Amino acid sequence: MTQQPQEGFDRSVEDAQAWMKAVQERLQVSDNTQGPRAALEARLRETEKICQLEPEGRVKVDLVLRAAEALLACCPRDQRPEILARLKDIKAQWEETVTYMTHCHSRIEWVWLHWSEYLLARDEFYRWFQKMTVTLEPPVELQLGLKEKQWQLSHAQVLLHNVDSQAVLLDRLLEEAASLFNRIGDPSVDEDAQKRMKAEYDAVKAKAQDRVALLERVAREHEQYRASVDEFQLWLKAVVEKVDGCLGRSCELPTPHRLSALQDIAKEFPRGAASLGRLEQQAVGVIQNSSPLGAEKITGELEEMREVLRKLRVLGEQEEARLRGLLESRGACEQQVRRLEAELGEFGEGLRRLAREGLEPTAKAGTEDELVARWRLYSGTRAALAAEEPRVHWLQAQLTEVIGFPHDLQPLSDSVVAAIQEYQSLKGKSTRLRNAAETELWQRFQRPLQGLQAWKALAQRLLEVTTSLPDLPSLHTFLPQIEAALAESSRLKEQLTMLQLKTDLLVSVFGQERAAALLEQVAGSVRDRDLLHNSLLQRKSKLQSLLAQHKDFGAAFEPLQRKLLDLQVRVHAENGPQRDLPGKQAQLSRLQGLQEEGLDLRAQMEALKPLAQGNPNHQHRMDQLSSDYQALQRALEDLVDRCQQSVRAHCTFAHQLLELRRWIAGATQRLESHRGDSGPRDVQSRELEVERLVAEFPEKEAQLPLVEAHGRLVMEQSSPEGAAAVQEELRELAEAWRALRLLEERLRSLVRNWQLHRTEVDSGKKMVFTNNIPKSGFLIDPADPIPRHRHQANLLQEDEASHEDFAQLLSNFEQWLQVENSKLVRIIAMKTATARDLRTRERKLQELEARVPEGQHLFENLLRLGPARGTSDQLEDLRYRWMLYKSKLKDSSSLLTQSSPGEPTGFQKERRADTSHPLRIVDS
């Protein structure tokens, strides 16, 4: 009975023991973490496979258990202890095998994972090492100035801090490498590898430390040099203040004391020259550690300070000579009084004329154009009063000197005080009126924004109310309200769009910052309006879709088709140029209204599409309607773009034309006032007034080609009648300019006669020194540091070789400027009918602008060499032509940007700044 179960039990026990023995032998072969990574990976795969055999072993153990149960059920009682003992041994062997499998696999897997993490950390370290090596490999670049050197030092310190922070990671890597080496014994983590890693890190750290040390030394030298320069400039400023205290009408010292003070100041100049010499020695090391441009800047700074020191000395010597002459003669008192009386009479007449023409009360302005005209009137009056500020200062200075005269000049002093008080009163009144007009304009421009805020609240309420409408009467109730809100939205958009087109006007009235803020606010409001408008259109489409469910397709389709035909007719009617700016603005408003109607039509078409589904005929009619709508929409967008460009160009042209006309009228009036005097009374003040006014001519003349170019662009975009009107305006402007130039020439001739008369008068008497230095201080300019007559006297001592060099440079620059100006004229005259023409014009303008530094270099060489005798007028004329050419080039670039919408405006870049500014030290 028990033989068969006994055999099955014995057989299952033998099979289980044999399986466990084989597994343990395989585990013993793989139970080793030493060796390369590939071998460890193979052992890991082997132990993983062995672990996957655990279910098989468990099946064999279960067979033993079942065989043991069968045998125990039929065997005698005395055999059961033996069977149970064998069964216990089998279970113990199984638990031992399973534990061994788990522990062996886990141990090898842990070493594998540890190694992998170490390799990842090491790779990250070497990536950082490679990046840092590449960063530190190039030599230290020379920098422009102190700030750049400090930035460079700060960057090097950041790199060094980064290197220091990697020390923690390196120590951890070395610890992990040592731990791995004890477990795996692989050469990739032995002591030599660890030492190499440590040595590479130390090399990078040494490079970073050396760089920081070098840059610290360079920055420290530059700081010391800058401190010395600041100290010298403080001394120079103190000397300037002392010299200024001895000059000008504000000086209260008697003439002998002023002369003594100037002599004391002259004794300080040798000490300043010695300090400047030490500065130059100190600058040698700084220049070596600076970039070429920085070295050039330092050299120029030193030359500039030396030039200022020299000119201070020259100015002091000249003032000493003048004071000595003043001590010899006091005969200028009566002449000065007569001059003051004449100047005071002219000043009072000018104030009365400004009060009568620019500050008389007028009727309340109703329209925006009237407000703008009033603001321009007050601004012009204010500018005219501001132009009289130097004369007021001169009167104040004269008043101070007149009080010191021994004669009784109290009536004259009272008249001067009264004239100055009247001037201050008119100045305050003009400022108040201008500010009031500006405030009223601001409020006028804010009205569309305020209206938009109220409309936004209404639109939000409509969107909230119409979220879900219960019945058909509700649809009929709210759909007209939404349509009315959309119509109001279109009206507001027209107002905001017109406001965006008035950029030049806003900038001229409110300034760049406030105008930009207002335009940004308008742009934001337009975006908010567009979002709400689209939401209302979608809501209207939804309501119309609900309403259309109660209609058939034909009844809904016919109105849409008629509306599309009506839009096509109206768009075609707008496809033509307008005569003037109001017509163009009205056309733009109409086109934008058509755009809004098109959006409304599109929403209705979207609402009708569900009714056409399922019917091929309806679907075909709907597709044809959509195709016609898209063609109309594209044509309408093109029309709106062209109309916006035309309005923007016309606004710019009108603004520039009006500004230039007003300036020409004001300049003509002021020149006429000077020409009206029949004699050379008060010659010097009139010469100064004329020179001050004529100095504004080059800037305005540079605007003429720009206005003409804008006019041609406007003519191309206007109807024949409008083009003829613009042509007439340009002709009138040219005639006014020619008349102004003719008046200028006549007045210059009159001034030359005055100068000749004064020379003849002065030649018959002793030389009289007059105090003509401005009250606000003196200006030291390396280009023209001393008065013209002394400057011309010094020019007599120039060398003949210098005269020949100057003549050659002058000829070269005139020839270069003539060629460049001819190219610019041809570029401005180019036709720009296509985008390709615009790009060609842009490229040629960029080439001209790239050669501006070359011309600036040639012109600076002329200035450094100085004009030879008899060529100062020629140099002044050349200076004016060079300035005019640069202005025309800049304005042509701006015009190109405005006249090419839709094309890339890559020419909108800043003009290269002229860095050759003379050092100016002005008494504050």
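Residues numbered from 1 in each chain as written. Predicted model: local features only at pLDDT ≥ 70, side-chain atom pairs only at ≥ 80, totals over all residues. Heavy atoms only, no water.

### Some remarks on the overall build of the protein chain
Note the cut-off: The way it works is that DSSP assigns letters per residue, a run of H or I at least four long becomes a helix, a run of E at least two long becomes a strand, and they are numbered from the N terminus. Note on classification: 1.4 Å probe, protein chains only; a residue is buried when its accessible area is under 20% of the maximum for its type, exposed when over 50%, partly exposed between these limits. Contacts: residue pairs with any heavy atoms within 4.5 Å of one another. In these tables, accessible area is a Shrake-Rupley quantity obtained with a 1.4 Å probe, and a residue counts as shielded only by the protein chains included in the view.
Assigned secondary structure in the protein chain consists of 26 helices and zero strands. Burial analysis of the protein chain (924 residues in total) assigns 42% to the buried set. Nonlocal contacts in the protein chain, meaning residues at least 24 apart in sequence, comprise 85% of its contacts between residues at least 6 apart. In the form shown here, the protein chain has an accessible surface area of approximately 50000 Å², with 52% of it arising from carbon and sulfur atoms.

### What about the confidence of the model for the protein chain?
Put simply, the test is: As a per-residue measure, pLDDT reflects the predictor's confidence and takes values from 0 up to 100.
Of all residues in the protein chain, 80% attain a pLDDT of 70 or more, and the chain-wide mean is 75. Segment residues 677-681: pLDDT under 50, and eight contacts once partners within four positions in sequence are set aside and those in other chains are kept. Contacts of residues 899-924 to residues separated by more than four positions or lying in other chains number 57 contacts, the stretch itself having pLDDT below 50.

### Thoughts on the side chain of Gln194
Counting through the fold element by element, Gln194 comes out in helix 6 (residues 191-245). With residues near it in sequence (within four places) discarded, Gln194 still touches Leu174, Ala177, Ala178 and Val189.

### Comments concerning the pattern of salt bridges
The condition that has to hold: In what follows, salt bridge is the name for a side-chain nitrogen of Lys or Arg lying within 4 Å of a carboxyl oxygen of Asp or Glu.
With the rule as written, the count across this model stands at 28 salt bridges. A salt bridge links Lys207 to Glu137; the nearest nitrogen and oxygen atoms lie 3.3 Å apart. Within this pair, whereas Lys207 is found in helix 6, its partner Glu137 is found in the loop between helix 4 (80-136) and helix 5 (146-184), the two being separated by 70 residues in sequence. Accessibility expressed as a relative area gives 52% for Glu137, which makes it exposed. Two residues, Lys205 and Asp164, come together in a salt bridge whose shortest N-O distance is 3.8 Å. Of this pair, Lys205 sits in helix 6 while Asp164 sits in helix 5, and the two are 41 residues apart along the sequence. Assessed through its relative accessible area of 34%, Asp164 is described here as partly exposed.

### Focus on the packing of helix 1 (residues 3-30) against helix 2 (residues 37-52)
The criterion, for reference: Angles run from 0 to 180 degrees between N-to-C directions of axes, and those axes are lines fitted to C-alpha atoms, restricted for helices to the stretch in contact. Between 65 and 115 degrees an angle is taken as roughly perpendicular, under 35 as roughly parallel, over 145 as roughly antiparallel, and anywhere else as oblique. It is the rotation of the near helix from the far one that decides the hand of a crossing: anticlockwise by less than a right angle makes it left-handed, clockwise makes it right-handed. Gly counts as polar in this scheme, as do all residues outside two lists: the nonpolar Ala, Val, Leu, Ile, Met, Phe, Trp, Tyr, Cys and Pro, and the charged Asp, Glu, Lys and Arg.
It is at 10 Å that the axes of helix 1 and helix 2 come closest, and there the two elements cross at 160°. Comparing their axes, helix 2 and helix 1 come out roughly antiparallel. Where helix 1 crosses over helix 2, the two elements pack in a sense that is left-handed. Contact with helix 1, carried on its side by Val23, Arg26, Leu27 and Ser30, involves Arg43, Glu46, Thr47 and Ile50 of helix 2 and no other residues of that element. In terms of residue class, the contact of helix 1 with helix 2 is made up of three nonpolar, two polar and three charged.

### Some words on helix 24 (residues 835-850)
Rule in force here: Expected span of a helix, by definition, is 1.5 Å for each gap between consecutive residues, and there is one gap fewer than residues. Think of it as the arc spanned by the lines of direction from the helix axis to the C-beta atoms.
Taking 1.5 Å of rise per residue, the 16 residues of helix 24 would be expected to cover 22 Å, and the 22 Å separating its terminal C-alpha atoms lies within 8% of that figure. For helix 24, the complete set of buried residues consists of Leu838, Arg841, Glu842, Leu845, Leu848 and Glu849. Considered in projection along helix 24, the buried side chains sweep an arc of 120° and stay on one side of the axis.

### A short note on the nonpolar core
Note the threshold: Only buried residues count toward a nonpolar core, which is a set of Ala, Val, Leu, Ile, Met, Phe, Trp, Tyr and Cys residues joined through side-chain atoms within 4.5 Å.
In this structure, Phe9, Tyr118, Phe125 and Trp128 are the most contacted members of the largest nonpolar core, which totals 55 residues. Looking at this core, the elements with two or more residues in it are helix 1, helix 2, helix 3 (54-74), helix 4, helix 5 and helix 6. When residues in this core are grouped by element, the largest group, 18 residues, is from helix 4. If near-sequence neighbours (up to four positions away) are discounted, Phe125 is found in contact with Gln166, Leu169, Leu170, Leu173, Met197 and Tyr201. One finds Leu340, Leu354, Leu385 and Ala515 within the second-largest nonpolar core, a separate group that totals 52 residues.

### Quick notes on the packing of aromatic side chains
Both the distance between ring centres and the angle between the ring planes are used here to describe each pair of aromatic rings. Counted only if it meets this: Centre distance within 6.5 Å is the pairing criterion for rings of Phe, Tyr and Trp, where only the six-membered ring of Trp is used; planes under 30 degrees apart are then read as stacked, over 60 as edge-to-face, and the remainder as tilted.
This structure, assessed with the given rule, holds 13 aromatic pairs. Between Trp128 and Tyr201 the ring centres are 6.3 Å apart and the planes differ by 35°, which places this aromatic pair in the tilted class. Of this pair, Trp128 sits in helix 4 while Tyr201 sits in helix 6; the two residues are 73 residues apart in sequence, bridging distant segments of the chain. According to the relative accessible area criterion, Tyr201 is buried, its value standing at 2%.

### Regarding the environment of Leu142
Tracing the backbone shows Leu142 in the loop between helix 4 and helix 5. A relative accessible area of 45% places Leu142 in the partly exposed class. For Leu142 and Leu293, which are 151 residues apart along the polypeptide, the C-alpha to C-alpha distance reads 9.8 Å.

### Details of the environment of Tyr126
Position of Tyr126 relative to the elements: it lies in helix 4. With relative accessibility at 28%, the residue Tyr126 sits in the partly exposed group. When the C-alpha positions of Tyr126 and Met197 are compared, they lie 9.0 Å apart, and in sequence the two are 71 residues distant. Leaving out residues up to four positions away in the same chain, Tyr126 has contacts with Met197 and Glu200.

### Points about the packing of helix 1 against helix 4
Interaxial distance between helix 1 and helix 4 falls to 10 Å at its minimum, and their mutual angle equals 20°. By the angle between their directions, the pair helix 1 and helix 4 is classed as roughly parallel. Note on packing geometry: the crossing formed by helix 1 with helix 4 is left-handed. Every residue of helix 4 that contacts helix 1 at Gln6, Phe9, Asp10, Val13, Gln17, Trp19, Met20, Val23, Gln24, Leu27, Gln28 and Ser30 is listed here: Ile83, Arg86, Ile90, Gln93, Trp94, Glu96, Thr97, Tyr100, Met101, Cys104 and Ile108. In the contact of helix 1 with helix 4, the residues fall into 13 nonpolar, seven polar and three charged.

### Points about the environment of Lys195
Looking at the element boundaries, Lys195 is found in helix 6. Judged by its relative accessible area of 55%, Lys195 falls in the exposed class. Through-space distance from the C-alpha of Lys195 to that of Leu174 is 8.9 Å; in sequence the pair is 21 residues apart.

### Some remarks on the side chain of His222
Position of His222 relative to the elements: it lies in helix 6. For His222, a relative accessible area of 3% gives the class buried. Setting aside chain neighbours within four positions, we find His222 in contact with Gly145, Leu146, Lys149, Val286, Ser290 and Ile298.

### Here's the deal with the state of the cysteines
Formally: We call a pair of cysteine sulfur atoms a disulfide when they lie within 2.5 Å.
Counted according to the given criterion, the structure contains zero disulfides. Looking at Cys51, it has no disulfide partner, and the nearest cysteine sulfur is the one in Cys104, 7.8 Å off.

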